[in-house]
Amino acid sequence: MQDLKVVLRDDEMPRQWYNIQADMPTPLSPPLNPATGEPIDPEALGAVFPMNLVEQEMAQDRWIDIPEEVLQKLLIWRPSPLQRARGLEQALGTPARIFYKNEGVSPAGSHKPNSAIAQAYYNKQFGIKRLTTETGAGQWGSALSFATQQFGLELKVYMVRVSFEQKPFRKLMMQTWGAQCVPSPTLDTEVGRRVLAEFPDTPGSLGIAISEAIEDAVSSPDTRYSLGSVLNFVCLHQTVIGLEAQKQMEKLNLYPDVVVGCVGGGSNFAGLSFPYVRDRIHGRNVRILAAEPTACPTLTRGPYAYDFGDLAKTTPLLPMHTLGHDFVPAPLHAGGLRYHGMAPLVSRLVKDELIEATAVNQLDSYAAGMLWARTEGFIPAPETTHAIAAAIEEAKKAREEGRERVILLGWSGHGLMDLKGYEAYLKGELTNYEYPQEMIEKSLHALDGYPKL
Ligand SMILES: *Cc1c(COP(=O)(O)O)cnc(C)c1O
């Protein structure tokens, strides 16, 4: 059989999401209220997220039906193709076969609309009229702009000021899809006014933008906040990726030896890998590998601990691998991989040795991205290049060992809006960053006095 590309029919699209909480050998520790150290009361989250999503966050059912309206929207671009990277294989001279699940075909150009569509739908169902969110590089903001437009909701995106100024195209995508996109900090919120009074020239930060978006959401009854990664329900919505991939590999009569993806907050990786982690829990021999930047080594060097999801300490304490909520990222081009924490689900599975992690430095990741662009054509997002670099390592090992292997790669998005990073690489301006150990230790002191895991 031809195996360069496997495309599923619309009626082969998965009808249910897979919830790994039903199969995890160790259940998740609950999110804690930082004031009391007790598990958070779900009702308390109701001001921030609609209750139907809060319930989904805690659901233990193995399979959760994808609502028909969500399915219809996902069908705009899904099922996404599974493709074979034969050009790359040939360039590497490897006996390994490399397949990639191409999430770059969505309207926003990444996997993020998989959850944006579902979140817009559930908010609409709950009677919410307007959403707020923050965005750094602009990928989540643009995905949610597309999704809210599909369901007739308003959206206000707080975009970190420096990105707002440096990345006009993502902002224009959001505006084209009808969203309001403002440079954060703004004068529209308490937090924003306070920061601007003290630091009028601040470039802004993700932490400030999150605080603004949450404040805006909780201060009006028909508005809620939306988050594009980390949470259980975001990982859940992304599992269409892995469920489709399993069907596609089955059509080739193949099963991967290793499944590789990049991790920022963990959602695209969770989406591709969790159906395979399930197989692994049930005894199947498959390796699951998460690739992160050496500049933000959450899984490879951050401890598993209770920490806040944001700098302003507005979130509950989450059980996760973390570099500390006051982690200061290096100016890395893979903006989506700069988060200090990691999805609690991914973190727990790493802790239980069902998932392995590796760190890739910036120059190796761009070199991998260049090789990919020149052999396969598609230009990958800077985040995606980390997964590619890790897959290339696996393919080289296969060559050295003279072994056939099947590698499945999560191709989380295209890099057509991120060409500035490629420009810097081509001009030789990029450098590697290793996050200093003493900075990790210093950040972790910020957790002294909070409950331990
Ligand atoms: C946002 C983003 C990521 C990182 O987010 P996860 O939640 O870890 O998936 C990775 N790749 C692309 C293309 C992104 O836009």
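Residues numbered from 1 in each chain as written. Predicted model: local features only at pLDDT ≥ 70, side-chain atom pairs only at ≥ 80, totals over all residues. Heavy atoms only, no water.

Scanning the protein chain for helices and strands turns up 18 helices and 15 strands. Taken against the 2.2 N^0.38 rule, which gives 22 Å for 453 residues, the C-alpha radius of gyration of the protein chain at 21 Å falls within 12% of a compact globule. Each principal axis of the C-alpha distribution contributes one length, and for the protein chain these read about 60 × 50 × 45 Å. Every one of the 453 residues in the protein chain was classed for burial, and the buried ones make up 61%. Across the protein chain, every contact between residues at least 6 apart in sequence was considered, and the portion connecting residues at least 24 apart equals 77%. Accessible surface, the protein chain: about 17,600 Å² in total, of which carbon and sulfur atoms supply 52%. Of the charged side chains in the protein chain, 43 are positive and 53 negative; the average position of the first set lies 5 Å away from that of the second. (Helix = DSSP H or I, 4+ residues; strand = E, 2+ residues; numbered from the N terminus. Rg over C-alpha atoms; globule rule 2.2 N^0.38 Å. Buried < 20%, exposed > 50% of the residue type's maximum accessible area, 1.4 Å probe, protein only. Contact = heavy atoms within 4.5 Å. Areas by Shrake-Rupley, 256 points an atom, 1.4 Å probe, with all protein chains shown as cover. Lys, Arg positive; Asp, Glu negative; His and termini not counted. Charge placed at Lys NZ, Arg CZ, Asp CG, Glu CD.)

With that out of the way, let us pick up the sheet that holds strand β9 (residues 223–225). Across the sheet, which stays open at both edges, the 4 strands sit in the order β8-β7-β6-β9 with parallel pairing between neighbours. The outermost strands of the open sheet, each flanked by one partner alone, are β8 (180–184) and β9. Between one strand axis and the next, the sheet turns by 25 degrees as a mean value, whatever way the strands run. Looking at chain direction, strand β6 (residues 130–135) and strand β7 (residues 154–160) are connected through 6 bridges and run parallel. Looking at the pairing, Leu131 lines up with Leu155 of β7. Against the sheet, helix α5 (residues 139–151) contacts β6 and β7, and its axis sits at roughly 160 degrees relative to β6. (Pairing = 2+ DSSP bridges. Axes fitted to C-alpha atoms, helices over the stretch in contact; angles between N-to-C directions.)

The amide bond that connects Arg78 to the next residue, Pro79, takes the cis arrangement and shows omega of -15 degrees. Here Pro79 lies in the loop between α2 (68–74) and β4 (82–84). Positive phi, close to 55 degrees, is recorded for Asn253, a residue that is not glycine. For Asn253, the position within the fold is in the loop between α11 (240–251) and β10 (258–262). Even without glycine at this site, Lys313 takes up a positive phi of about 60 degrees. For Lys313, the position within the fold is in the loop between β12 (304–308) and β13 (317–321).

With that out of the way, let us pick up the pairing of strand β11 (residues 287–293). Across the 7 residues of β11, 6 count as buried, placing the element largely inside the fold. For β10 and β11, the ladder comprises 5 bridges, and the chain directions are parallel. Bridging across to β11, Val259 finds its partner in Ile288. Between the parallel elements β10 and β11, the chain passes through helix α12 (residues 267–281) in a crossover that is right-handed. Bridge analysis of β11 against strand β14 (residues 356–360) gives 5 bridges, and the strand direction is parallel. Each bridged residue has a counterpart across the sheet, and for Glu292 the counterpart in β14 is Ala359. (Right-handed = clockwise from strand over helix to strand, strands pointing away.)

Assigned domains of the protein chain: these are domain 1 (74–109 + 233–446) and domain 2 (113–227). Taken over C-alpha atoms, the centre of domain 1 sits 25 Å from the centre of domain 2. Contacts between domain 1 and domain 2 engage 22 residues on the former and 21 residues on the latter. Where domain 1 abuts domain 2, roughly 1,800 Å² becomes buried across the two surfaces, and 63% of that area is made up of carbon and sulfur atoms. When the buried area of domain 1 at its contact with domain 2 is split by residue, Ala108, His237 and Met417 rank highest and sum to 31% of it. Where domain 1 meets domain 2, there are 5 residue pairs in polar contact (both at pLDDT 80 or more). Those elements that provide at least two residues to the side of domain 1 that touches domain 2 are α10 (232–238) and α11. Among the elements that take part in the side of domain 1 that touches domain 2, α10 stands out by supplying 4 residues, more than any other. Taken together, the residues of the side of domain 1 that touches domain 2 sort by class into 12 nonpolar, 5 polar and 5 charged. (Domains from an automatic or database assignment. Buried area = accessible area lost by both parts, 1.4 Å probe. Polar contact = N/O pair within 3.5 Å; in protein donor to acceptor, adjacent residues only side chain to side chain. Nonpolar A, V, L, I, M, F, W, Y, C, P; charged D, E, K, R; others polar.)

As a matter of local geometry, the ligand sits amid 19 residues, with Lys112, Ser229, Gly264, Ser267 and Asn268 nearest to it. Note that an oxygen atom of the ligand is positioned 2.6 Å from one of the side-chain N or O atoms of Lys112. Within the contact set of the ligand, an oxygen atom lies 2.7 Å away from a side-chain nitrogen or oxygen of Asn268. Within the complex, 97% of the 380 Å² of free accessible area of the ligand lies under protein. Contributing elements (two or more residues each) for the shell around the ligand: α12 and α16 (382–401). The residue makeup of the shell around the ligand, split by class, is 4 nonpolar, 13 polar and 2 charged. (Near = heavy atom within 4 Å.)

Among the structural elements, Lys171 can be located in helix α7 (residues 168–176). Look at Lys171: it is buried, it has no salt bridge, and the nearest opposite charge is Glu165 at 8.5 Å. Dropping the residues within four chain positions of it, Lys171 is found in contact with Phe164 and Cys181. (Salt bridge = Lys/Arg side-chain N within 4 Å of Asp/Glu carboxyl O.)

What follows is about the environment of Leu53. Note on placement: Leu53 falls in helix α1 (residues 51–58). Taking relative accessible area as the criterion, Leu53 reaches 0% and is therefore assigned buried. Considering only alpha carbons, one finds Leu53 and Gln119, 66 residues apart in sequence, at a separation of 7.7 Å. Sequence-distant contacts of Leu53, that is, excluding residues within four places in its chain, are made with Gln119, Tyr122, Asn123, Phe233 and His237.

Our focus in this paragraph is the packing of aromatic side chains. Under the counting rule described, the total for this entry stands at 17 aromatic pairs. Centre to centre, the rings of Trp77 and Phe146 are 5.9 Å apart; their planes meet at 65 degrees, and the pair counts as edge-to-face. Here Phe146 lies in helix α5 and Trp77 lies in the loop between α2 and β4, a separation of 69 residues in the sequence. Judged by relative accessible area, which is 8%, Trp77 ranks as buried. Against the face of Phe164 rests Lys171, its NZ or CZ located 4.3 Å from the ring centre. Over the aromatic face of Tyr255 sits the side chain of Arg284, whose NZ or CZ is 3.6 Å from the ring centroid. (Phe/Tyr/Trp six-rings, centres within 6.5 Å; stacked < 30°, edge-to-face > 60°. Lys NZ or Arg CZ within 6 Å of the ring centre and 35° of its normal.)

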